[in-house]
Amino acid sequence: MKKAKRGFMGVVGIILAVLMAVPLPVFAQTAATGSGSIGSFSLVQGDVSLTRAGKVIKPTPRMPVQLGDVIQTGKGAKAQLTFDDESVVTIDQNTKFDLKQFAVEGGKRQARFGLAVGSMVANVKKYVGGGNTFEIQGPMAVAGVRGTLFAVVVMIAANGVPTMSVSVMSGLVSLASAAGAVTVAAGQIATVVGSALPSVSAAAGVGAATSATGAGAGTAGTGAAAGAGAAAGTGVAAGVGAGTIAAGVVAAAAVAAAVASSTSKSDTTTSHTTTTHH
């Protein structure tokens, strides 16, 4: 009996040793907070801070980023992150952005980020096939994308109701709230106030107009006026002023146009470029 028990324990020991020796899949390694680098800073300008495990750090270019990191930018500041899948996220001033999930295994990617307030632009590396996600979570809505260049702005009204605006330059974005979801195509802006159903409108100067001609923020702002009007009715009903909605829509369009303009001029990151186009 003792001999049989010793033999059983020996087999268990061998199995455990094999399991410990075999490396975990990439997906598992990157699914836990602080488990390693998932990308790095490619640009840091002005007042930018990184909070990791309760400690505030001043980031520098080429510094690695990890899951659980929270990045905040002050007035006039900007930061850019290049992830392991070659997707690029540019974080504008007065923004709070956190890295919730990022995992790449073979041809599949699972990415989820939080945008509490402020604005950002994402140039997402396209992955072919199902099971791929790249999501930006606002306070009460989620933008999911596939191979897309887009901008997101989150503004919080005086009464605490958030407004989330998404401006798309290429590809498709799905914007979902508790009330439902809409698909936003290139050249369109979608706005959701609180948990209401998102509204979609055309935005001249965001899609085709922001190509090699490098349309400016003023053009995008003019085209975004229709988007502001489309969302104003819902916003006023929720206690959010039409001015706040308009500001969010125009800001999304302006950020989108500025990035589209810069990417049309250069495909590399420099000290004055806001994003990198792959």
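Scroll up for the structure.
From a predicted model like this one, the values you see are computed outputs, not experimental measurements. Throughout, a residue's number is its position along its own chain's written sequence, starting from 1. The predicted nature of this model means local features are confined to residues of pLDDT at least 70 and side-chain atom pairs, given and counted, to a pLDDT of 80 or more, with totals for whole chains, interfaces and linings taken over all residues. Side-chain metrics rest on all non-hydrogen atoms present in the structure, leaving aside hydrogens and water.

Considering the packing of aromatic side chains
Stacked, tilted and edge-to-face are the three classes assigned to paired rings of Phe, Tyr and Trp, where Trp is represented by its six-membered ring and a pair needs centres within 6.5 Å; plane angles under 30 degrees give stacked, over 60 edge-to-face, the rest tilted. In the structure shown here, the tally under the stated rule is four aromatic pairs. With a centroid separation of 5.4 Å and 25° between ring planes, the pair formed by Phe83 and Phe102 is classed as stacked. Taken together, the positions of Phe83 in strand β6 (residues 78–83) and Phe102 in strand β8 (residues 95–105) put the pair 19 residues apart, joining distant regions of the chain. By the burial criterion, Phe83 is buried, and Phe102 matches it. Ring centres 5.3 Å apart and planes at 55° place the aromatic pair Phe113 and Phe134 in the tilted group. Placement of the pair is Phe113 in strand β9 (residues 108–123) and Phe134 in strand β10 (residues 133–137), with a sequence separation of 21 residues. Summarising the burial analysis for this pair, Phe113 and Phe134 share the class buried. Among the aromatic residues, those joined into a ring-pair cluster are Phe83, Phe97, Phe102, Phe113 and Phe134. The way it works is that DSSP assigns letters per residue, a run of H or I at least four long becomes a helix, a run of E at least two long becomes a strand, and they are numbered from the N terminus. Exposure categories follow from relative accessible area, calculated using a 1.4 Å probe and restricted to protein chains: below 20% of the type maximum is buried, above 50% is exposed, and the middle band is partly exposed.

Here we look at the pairing of strand β7 (residues 88–91)
Burial along β7 is two-sided: the face carrying Val88 and Thr90 and the face carrying Val89 and Ile91 are both buried. Here a strand pair is declared whenever DSSP counts at least two bridges between the two strands. Sheet analysis places β6 next to β7, joined by four bridges and oriented antiparallel. For Gln80, the partnering residue across the bridge sits in β7 and is Thr90.

Concerning the environment of Ser174
Looking at where Ser174 falls in the secondary structure, it is placed in strand β12 (residues 162–177). Among the residues examined, Ser174 registers a relative accessible area of 29% and is labelled partly exposed. Residues Ser174 and Glu135, spaced 39 residues apart in sequence, show a C-alpha to C-alpha distance of 9.3 Å.

These results come straight from atomic positions and should not be treated as a statement about function.
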